[in-house]
There are 2 protein chains.
Amino acid sequence: MSDTWSLVEPAFSVNTARAYEGLFTQGSGYLQIRGSLEEHLSDCPQDVTYTRMPTNVTSEKFPESKAKWGTYIPGLFGKHPFLCWEMLNLPSFIGLRPIVDGEALDMEHSRVDGYTRTLDLRTATLRRTVTWQTRSGAAIAVTFERFVSAHHPGVCVQRMTLACVQEQAVTVQASLDTDVRTNGYDHFTAVTLQAAGEDGITCHLETDGGDTVQMLTRVCAPSASWRYEAGARAAQRVAELRIPAGGTLIVEKRTAVATSRDLQPSDPAAVLAGIATSRYEDLHAEHAAMWAARWESADVQIEGDEASQRAMRCSLYHLLRAHVPGDSRVAIDAKGYAGDAYWGHFFWDTEIYLLPFFLYTDPERARTLVDFRVQALPEAKQIAARFGYDGARYPWQSDHAGRECCLLWQYSDHEVHVTADVAYGLVHFAQATDDPRYLFGPAAHVLVETARYWMQRIDWVPGQPHPSLLGVMGPDEYSPISHNNSYTNRLVRFALAKASEVGWQVGASAEECAAFALTGAALPTPRAQEGKLVLQCEGFDALAEPNFADMWRDRTKTFAAQVSQERLYRTKCLKQADVLMLMMLFPQEFTDAEVRCAWEYYLPYTTHDSSLSAGAHAVIACRLGLLDDAWAFWLHSTGLDLDVTHGGAAEGIHIASCGVNWQIAIYGFAGMASAMAAEHLTLRPQLPAQWSRLSFPILWKGCPVHIDISQEACTVTNRGEQELSVQVDEQHVVIPAGETVSMVMPVMAHVL
Amino acid sequence: MSDTWSLVEPAFSVNTARAYEGLFTQGSGYLQIRGSLEEHLSDCPQDVTYTRMPTNVTSEKFPESKAKWGTYIPGLFGKHPFLCWEMLNLPSFIGLRPIVDGEALDMEHSRVDGYTRTLDLRTATLRRTVTWQTRSGAAIAVTFERFVSAHHPGVCVQRMTLACVQEQAVTVQASLDTDVRTNGYDHFTAVTLQAAGEDGITCHLETDGGDTVQMLTRVCAPSASWRYEAGARAAQRVAELRIPAGGTLIVEKRTAVATSRDLQPSDPAAVLAGIATSRYEDLHAEHAAMWAARWESADVQIEGDEASQRAMRCSLYHLLRAHVPGDSRVAIDAKGYAGDAYWGHFFWDTEIYLLPFFLYTDPERARTLVDFRVQALPEAKQIAARFGYDGARYPWQSDHAGRECCLLWQYSDHEVHVTADVAYGLVHFAQATDDPRYLFGPAAHVLVETARYWMQRIDWVPGQPHPSLLGVMGPDEYSPISHNNSYTNRLVRFALAKASEVGWQVGASAEECAAFALTGAALPTPRAQEGKLVLQCEGFDALAEPNFADMWRDRTKTFAAQVSQERLYRTKCLKQADVLMLMMLFPQEFTDAEVRCAWEYYLPYTTHDSSLSAGAHAVIACRLGLLDDAWAFWLHSTGLDLDVTHGGAAEGIHIASCGVNWQIAIYGFAGMASAMAAEHLTLRPQLPAQWSRLSFPILWKGCPVHIDISQEACTVTNRGEQELSVQVDEQHVVIPAGETVSMVMPVMAHVL
């Protein structure tokens, strides 16, 4: 498998069908579809109603099913009776099924040779080829292709090619199925299906979120006559066709989708009419051109290890696919619009894990993510008010309207760092884009309102010399109600300091700004071991020892799956990096010795039960020169979606990990300091032994830069129009506009 | 209102209908019915289906309804789809409605004069008299009477008497209605209603708990012809009758109930046939005789304040009513079988709040309560195993089968003191009944198995000189995951010590018993203020100050109703007594100065949001000689069910408070030390100024004693057959069998 641009499913198995379905999700941002099979599987109903109850997703068992359809339009949410607002799984329009001599193509039950399904990452195109040995004796080469057009974001284009040596009669069904559920619940309040012309099906849908959805699908084949068959919730066009002897039968299906929520309203009929004369190849070419431009500014090239290259591109593909260009009414949900599991909700992932990739490759896309929080400020103020505070408090788990949708109080009530993470994200945007107008404009309101919340959330306990943030959950969710969590305190200190800087711009008094600064500065970082060890929180060292040897016997499963939550909550066991996350975000504030001390103390306690743990560990390992560890964490993190035999992306893409994987490469192996940690572009490259080259484009404060790292040298090209100050390890150079400088890599003493 | 044996509803109001409905609950232990109106109210359907979600009951808003029927048989549970197992609300069989000239009697809409409804506590009889001025001009005196027979525990006997000056035609409907819900959910899997003979209705019911219920109701009036009318879920007998001029029409209704779960199976038809020749008066007399015997051994007489006397008897009535004699497969649920609110579940209330009254007045009844835990031991072992521990761990919220039914993890996971409370209850039973066979027999298994759980639940944190109980919630539920809660640690210390004593009896090795003793003894009691202050838990003094002045403006509502749970959980605010509970259970271990220090420290932080708070405060106030405080807490605690204008018993009886009220009188004002705290009967009486006399019977280690306290003297009568050692304040006397000794009360120095 030498193509580093392709993800390949080499054979079909029902055991991995859901994992590939998630992994092969395609999307234009606006419209997302899971990689389900066009002809579907038998005995796999998608209308199963069940009651999903609020629980921890990470320990949840999802209903068993061979396949799980998913069609999503970011921002289309409905109200679930128990689960708050959730992103709707929309009707599936990709159905396309050949039937030969009464036998429907079925990957599970038909005799199929030469199965190959490939997601071409470069063009975001899914292609499947099989040879179908029908029970009646025919051998038919079947190819399915499809893409969600980057050029027409509401359009999905499909093609099925059938070839056979002899002439062969074939029945083709092209369906649109609205009988789907979101987490077992039916959100559609009205469904109207109708025949459209001679070859189409229209669907008009009303949702319990108050939105309407219009779908039009048209199917096309040479001299076909398509009859219309409809049930209450599904419809199909059916034609009796012939594969010419030694030739091919090509069936195309095009679907356009529009909703009442669209920024640019459109009529699906007009959209499809507008591309009616375009051939499949034409539509694909304009789509592929847009993807080529995206890759141009985003691709991270890795040489020496094809698996790494492929994994890196898989992450970047999903980041680019999942982001909705130009729409700041949504961010990127936890499953990257590739599953229902996290209800389409938005987490701190946005600011901490996803934003950097966009910030340094495509600030326009980054802008929608930070603007999403700015536009959610009014709702954040209401959340603060509901908790009894002034100011603004962001939800742990946000829907499209910025509402708190987390149903488990330990997170919604106590994982307050998200509000400081939001502030960090806004400032990061302003820093990385060198845009003080953003800081003093849109960001300032958020900074000041969230600071007002913090001022009331912070307690001054009589008899203590400092203020405290009591009863918080840090990034490590296994310490639920802790006091003075170091990560949270530092982020809040940051947020208050920034609010103090910008407050005057939005009417905060000098006294209030001074109070922000003084209170924030006084928030403590608890320490132990004579100050050498940054404690995750007060009293962390007085928690129980975990005894992993006895209790975590099956390391293929999470620790949490093998012990009770009660035990987690009283034990020194970390779900993910917490102090190390702090040190990753504020690297300049901690000495190598402190980082090393934290690494050595926490690593034995860290379960990495969270998919977000590996990334911070990889980056910190690079800082400490622990390249073997960094490599192991890189493999762990990039394997999450790709490891189809362990579930992989079955419930959706680990999209935050995709962002993390970019960070491992850029912050870790290239050692780039973020614009929050460095004024000038600063690199500290250390390639894994397996890699011979790592090269990538970066936008550094508006200046396009290309960085090319080998084991021997680091080459920086200034593609901008002004000179660029660059530091590589201890070497500092100023690179004129348009010039390239190559620096020999030093012997990395800290590795030895 | 001079009758201290009666609770009176002086006028009907829909605003207080539910409160009286709960307050007037009647029961035989086996069969319980809320005090609903026989003719019901209009526009008040009882078949409303809704989804009750898991939440904190104390902050829950229940569906609005003028009335809430409740018919319960302890032990009949069903499986709710979200709420675990819950006690079933069974069909209502009390329906009895007169209709005159087309107008049905209706307390809300009919013109009614002279409404009086009285619950006679002495005979557990509910009686209502009204004069009904019909729209057609008749004036009809209507009297409803009913009781659930103590003599025939599955039988309810009703009588309706109608009197009129002129002859008056009247239609009477006698119904049985199965169209009821439990918390909005229908648990009946099959319902069969049939006419029985000329005047009866039978109901055969199957529940989703796998039980069957048989009901037979018969109605009777002179020369009546009862037609049968039935719908799918309800049936009635209807007759056209006449009230003779100047005379009375008497309609009787008798219902017998039996279930597949009965200890003594019976046939309702045979039961009613067996009493067919008994007059209402006969049945009532045998019922009243049994209640008289109950009161003989339990009544607490208070002179000088009728309200106190009435309130005391109200509590004792409900305790006697709610207990199921001879059936250790159930205990007493949190709402005293008078409402659905707590799902019929059993809490630590059983051991700590309810048990003492039964222990010192009727040990046979107490025995069923402790045996309930003994028989639940196998399930408790399964609960421990599910949490990953050896031994046995009792559920926070138990159903009849001993299963954990609490849906909120902060309680089910962390409020572990219940397991030690169970041990305390078992030992209390053995001590109070002077029955070491119980201790070394049934109790020993529980003590050793729960000790094995504690040995694994306790952590030895490296670097600390003592073991710790980490991550627990004490009785104060506003500190959710605290370390070394003093109450819990002391109870566990107690449980481990007792397990160590009895372990040899059930096969625990000497080494294991020694480990129990040593580990328990080493569990710390955290302290502050140079040791003077017992801390509720480690770090309690570092929690935020509550700022009640700003945040708890409406003192008619709980503090929790006015702030977020998040704030509660990081603040020095107590839901109920915690350290004071500890000092109440182990009074001899704390000096008056320590108790005083705790009182002064915690009282300003205590919200008394829990109905269980006032009792411990009243008892501790008595110890400290703070009689004004004790009086205020007495009024608070006894008012909970009686204050109908603030909801009172609308959702059920605060049955634990009923037990607490007995404790306030006996442990508080009479100053009796429990058998856990004193070897000999010990009294330290201090009557409130409002009371001239407090007298009550007690069984002290098998010896019947009568105690009579006035402001001047304490008179103790030894009704047993052996001499009795008694200490009253500093006076110690030995009272020969059958003798009475009167002691002059000392000047109470500590009051002054």
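Draft legend 1. Seen up close, the overall build of chain A. Of regular secondary structure, chain A possesses 20 helices and 29 strands. Compactness check: chain A gives a C-alpha radius of gyration of 27 Å against a globular reference of 27 Å for 752 residues, within 12% of the reference. Along the three orthogonal principal directions, the C-alpha set of chain A runs to about 85 × 60 × 55 Å. Evaluated residue by residue, chain A yields a buried proportion of 65% over its 752 residues. In chain A, the proportion of contacts linking residues at least 24 apart, taken out of those at least 6 apart, comes to 67%.

Draft legend 2. Local environment of the pattern of salt bridges. On inspection of all chains with the given rule, the structure shows 104 salt bridges over all chains. Notably, a salt bridge pairs arginine 181 of chain A with aspartate 179 of chain A, separated by 3.1 Å at the nearest N-O pair. In this pair, the class of arginine 181 of chain A matches that of aspartate 179 of chain A, namely buried. In this structure, glutamate 229 of chain B and arginine 227 of chain B form a salt bridge, with 3.0 Å as the shortest nitrogen-oxygen distance. Classification of arginine 227 of chain B as partly exposed rests on a relative accessible area of 41%.

Draft legend 3. Local environment of the packing of aromatic side chains. All names here are of chain A. By the definition in use, this model includes 82 aromatic pairs over all chains. Ring centres 5.8 Å apart and planes at 45 degrees place the aromatic pair phenylalanine 440 and tryptophan 504 in the tilted group. Placement of the pair is phenylalanine 440 in helix α10 (residues 436-440) and tryptophan 504 in the loop between α12 (486-502) and α13 (510-522), with a sequence separation of 64 residues. Residue classification places phenylalanine 440 among the partly exposed residues on the basis of a relative accessible area of 27%. Here tryptophan 504 falls in the exposed class, since its relative accessible area comes to 56%. Here tyrosine 601 and tyrosine 605 contribute two aromatic rings whose centre-to-centre distance is 5.4 Å and whose plane-to-plane angle is 75 degrees, an arrangement assigned as edge-to-face. There is no split in this pair, since tyrosine 601 and tyrosine 605 are both buried. Ring pairs connect the aromatic residues Tyr342, Trp343, Phe347, Trp348, Tyr353, Trp396 and Tyr487, which therefore count as one cluster.

Draft legend 4. Here's a closer look at the sheet that holds strand β17 (residues 227-230) of chain A. Ordered by their spatial adjacency, 5 strands build an open sheet running β8-β7-β13-β18-β17 (chain A), and the pairing between neighbours is antiparallel. Pairing within the sheet leaves two strands with one partner each, and these edge strands are β8 (103-104) and β17 of chain A.

Draft legend 5. Expanded view of the packing of helix α6 (residues 363-375) of chain A against helix α9 (residues 417-432) of chain A. Residues and elements named next belong to chain A. α9 packs onto α6 with a crossing angle of 145 degrees between their chain directions and a minimal axis gap of 10 Å. Where α6 crosses over α9, the handedness of that crossing is left-handed. The segment α6 lies against α9, with Pro363, Ala366, Arg367, Val370, Arg373 and Val374 engaging Val418, Val422, Gly425, Leu426 and Phe429. Tallied by class, residues from the contact of α6 with α9 come to 8 nonpolar, 1 polar and 2 charged.

Reading guide: rules and limits
- Position labels on residues start from 1 in each chain and follow its written sequence.
- Chains and ligands are labelled by the order in which they are written, letters from A for the one and numbers from 1 for the other.
- Only residues with pLDDT of at least 70 get local features here, since the model is predicted, and only at 80 or more are side-chain atom pairs given and counted; chain-wide, interface and lining totals rely on the full set of residues.
- Each side-chain value is worked out from all heavy atoms of the structure, with water and hydrogens disregarded.
- Numbering of helices and strands runs from the N terminus, with a helix taken as a DSSP run of H or I at least four residues long and a strand as a DSSP run of E at least two residues long.
- Every radius of gyration here is taken over C-alpha atoms, with the globule rule written as 2.2 Å times N^0.38, N being the number of residues.
- The buried label applies to any residue whose accessible area, calculated with a 1.4 Å probe on protein chains only, is under 20% of its type's maximum; exposed applies above 50%, and partly exposed to all values in between.
- In what follows, residue pairs with any heavy atoms lying within 4.5 Å of each other are defined as contacts.
- By definition, a salt bridge exists where a carboxyl oxygen of Asp or Glu is found within 4 Å of a side-chain nitrogen of Lys or Arg.
- Between the rings of Phe, Tyr and Trp (Trp by its six-membered ring), a pair exists once the centres lie within 6.5 Å; its type follows the angle of the planes, with under 30 degrees stacked, over 60 edge-to-face, and the other angles tilted.
- Between any two strands, at least two bridges found by DSSP are needed for them to pair.
- Note on definitions: angles span 0 to 180 degrees between N-to-C directions of axes, and those axes are lines fitted to C-alpha atoms, for helices only across the stretch in contact.
- We call a crossing left-handed when the near helix sits turned anticlockwise from the far one by less than a right angle, and right-handed when that turn is clockwise.
- Here the nonpolar group is Ala, Val, Leu, Ile, Met, Phe, Trp, Tyr, Cys and Pro; Asp, Glu, Lys and Arg are the charged ones; every other residue, Gly included, is treated as polar.

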